[in-house]
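What follows is the residue order along each chain.
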Amino acid sequence: MIRLLLIALALVTAPLSAQDTMPPAPYAYTQLEDPALEAKATELMSTLRCLKCQSQAINDSDAPMAGDMRHQVRTKILAGEEPEEIRAWLIDRYGDYVSYQPAVSSTTWPLFAIPVFLILIALFVLLRRLGKRRQEGAA
Amino acid sequence: MRPVFFIPLALFLFFAGLAGYMLVNGRFESVPSHMIDKPLPEFSLPPAVDGLPGASRANFVGGEPKLLNVWASWCLPCIAEAPQLEALKEEGVEVIGIAIRDKPEDVADFLNRYGNPYTRIGADDISQLQIEIGAAGVPETFVIDAQGNIRHQHIGDIRADDVPRLLQILEDVR
């Protein structure tokens, strides 16, 4: 009996709603009519971080704020702005963090420099070994 | 085998360990606004509730520094924050609210239950101003000086011990 009651209680429990009940922004789920513009917007939106769900792009997220960000992107594309201008506009507000597009900066340059450096070391070691072997072969 | 041969393996294990550690212990980071010390953008939002006016940039210019509180009636930490906003109001601070994706009846219900610290509440139904000022969530509170510049951002609900700090910042930017 108690078990039944518990099951019944578990079923009626609604998840705690910590989200709004407002309709989404006009361009949150509506594509732009011009396929070329929509393609531009989609490409940009897949490289912008959803700030409420930080491992997703705003393109992949159903968070209301991601929808509102998509609305901003599509509205600005429709108004003739270039994707990189819109990215810069968002970076001005949230920093590099909002963009998934890797950029060389004072903190990220080692990411780009270290692989080049490692390849150079590997080449150097390889050439030296090959040189040694050739000498031994000649001797 | 010479010990030097184990260096690459040791490096690999170190990075694998570091990656594993960060995966397990990674935190959900708060995203600071980059709009600090920049002018509050031009905006004009309609009233979010009957009986209180809406909000625009002009409301922040002139007089004393003010607080811009980004909140919502559906936001739980905003309930925890309500007494602190009330305390700031008692100290004579003008708090202007921006209600994110909210309905007038829900806003009215929230104010009835938890008190009204606001002189105005603008309705931001599509998070437009929120994005404009680099706020990533609710609640967030911005200190706006009398010239209409954003001077400070408080992320998350205002706790009791944040009140004196905010009062000090409001005093400092006068």
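Residues numbered from 1 in each chain as written. Chains lettered and ligands numbered in written order. Predicted model: local features only at pLDDT ≥ 70, side-chain atom pairs only at ≥ 80, totals over all residues.

Caption draft 1: Structural context of the overall build of chain A. Helix and strand content of chain A: five helices and zero strands. The N-to-C order of helical and strand elements in chain A reads α-α-α-α-α. Out of the 139 residues in chain A, the part that is buried amounts to 22%. In chain A, of all internal contacts separated by at least 6 residues, the share reaching a separation of at least 24 is 55%. (Helix = DSSP H or I, 4+ residues; strand = E, 2+ residues; numbered from the N terminus. Buried ≥ 20, exposed ≤ 12 C-beta atoms within 10 Å, placed from the backbone. Contact = placed C-beta atoms within 7 Å.)

Caption draft 2: Spotlight on helix α3 (residues 64–78) of chain A. Spanning 15 residues, α3 of chain A covers 21 Å between terminal C-alpha atoms, matching the ideal 21 Å at 1.5 Å per step. Buried residues dominate α3 of chain A, accounting for 12 of its 15 residues. Among all positions in α3 of chain A, only Pro64, Met65, Ala66, Gly67, Asp68, Met69, Arg70, His71, Gln72, Val73, Arg74 and Ile77 of chain A are buried. Against the buried residues of α3 of chain A lie α2 (35–45) and α4 (83–94) of chain A together with α4 (128–132) of chain B. One or two positions beyond α3 of chain A, positive phi appears at Gly80 of chain A, with a value near 95°. (Expected span 1.5 Å × (residues − 1).)

Caption draft 3: Representation of the packing of α2 of chain A against α4 of chain A. Residue and element names in this part refer to chain A. Packing of α2 against α4 brings their axes to within 10 Å, and their N-to-C directions diverge by 35°. In this structure, the crossing between α2 and α4 has a hand that is right-handed. Seen from α2, the contacting residues are Lys40, Glu43 and Leu44; seen from α4, they are Pro83, Ile86 and Arg87. Per-class residue counts for the contact of α2 with α4 are three nonpolar, no polar and three charged. (Axes fitted to C-alpha atoms, helices over the stretch in contact; angles between N-to-C directions. Left-handed = near helix turned anticlockwise from the far one by under 90°. Nonpolar A, V, L, I, M, F, W, Y, C, P; charged D, E, K, R; others polar.)

Caption draft 4: Highlighting the interface of chain B and chain A. At the junction of the two partners, chain B supplies 19 residues and chain A supplies 20 residues. For the side of chain B that touches chain A, the residue count by class is nine nonpolar, five polar and five charged.

Caption draft 5: Region of interest: the pairing of strand β3 (residues 66–71) of chain B. All names here are of chain B. Counting buried positions along β3 yields six of six residues, so the element is predominantly enclosed. The side-chain alternation of β3 yields two buried faces, one formed by Lys66, Leu68 and Val70 and the other by Leu67, Asn69 and Trp71. Bridge count between β3 and strand β6 (residues 140–144): five bridges; the pairing is antiparallel. When the bridges of β6 are listed, Leu68 appears paired with Phe142. By the bridge criterion, five bridges tie β3 to strand β4 (residues 95–100) in an arrangement that is parallel. What sits directly across from Trp71, in β4, is Ala99. Handedness of the crossover is the feature at issue here: the chain leaves β3, passes through helix α2 (residues 76–90), returns alongside β4, and the resulting connection is right-handed. (Pairing = 2+ DSSP bridges. Right-handed = clockwise from strand over helix to strand, strands pointing away.)

Caption draft 6: How the structure looks around the nonpolar core. Core analysis: the biggest nonpolar cluster contains 58 residues, and Ala72 and Ala99 of chain B have the highest contact counts within it. Ignoring anything within four residues of it in the chain, the contact list for Ala99 of chain B reads Ala48, Trp71, Ala72, Val107, Ile121, Ala123 and Asp124 of chain B. (Core = buried A, V, L, I, M, F, W, Y, C linked by C-beta atoms within 7 Å.)

Caption draft 7: Molecular detail of the sheet that holds β3 of chain B. All names here are of chain B. Sheet architecture is open: five strands sit in the order β5-β4-β3-β6-β7, paired in mixed fashion. Unpaired on one side and paired on the other, β5 (118–124) and β7 (150–155) mark the two borders of the sheet. In this sheet, neighbouring strand axes are inclined to one another by 20° on average, regardless of whether the strands run parallel or antiparallel.

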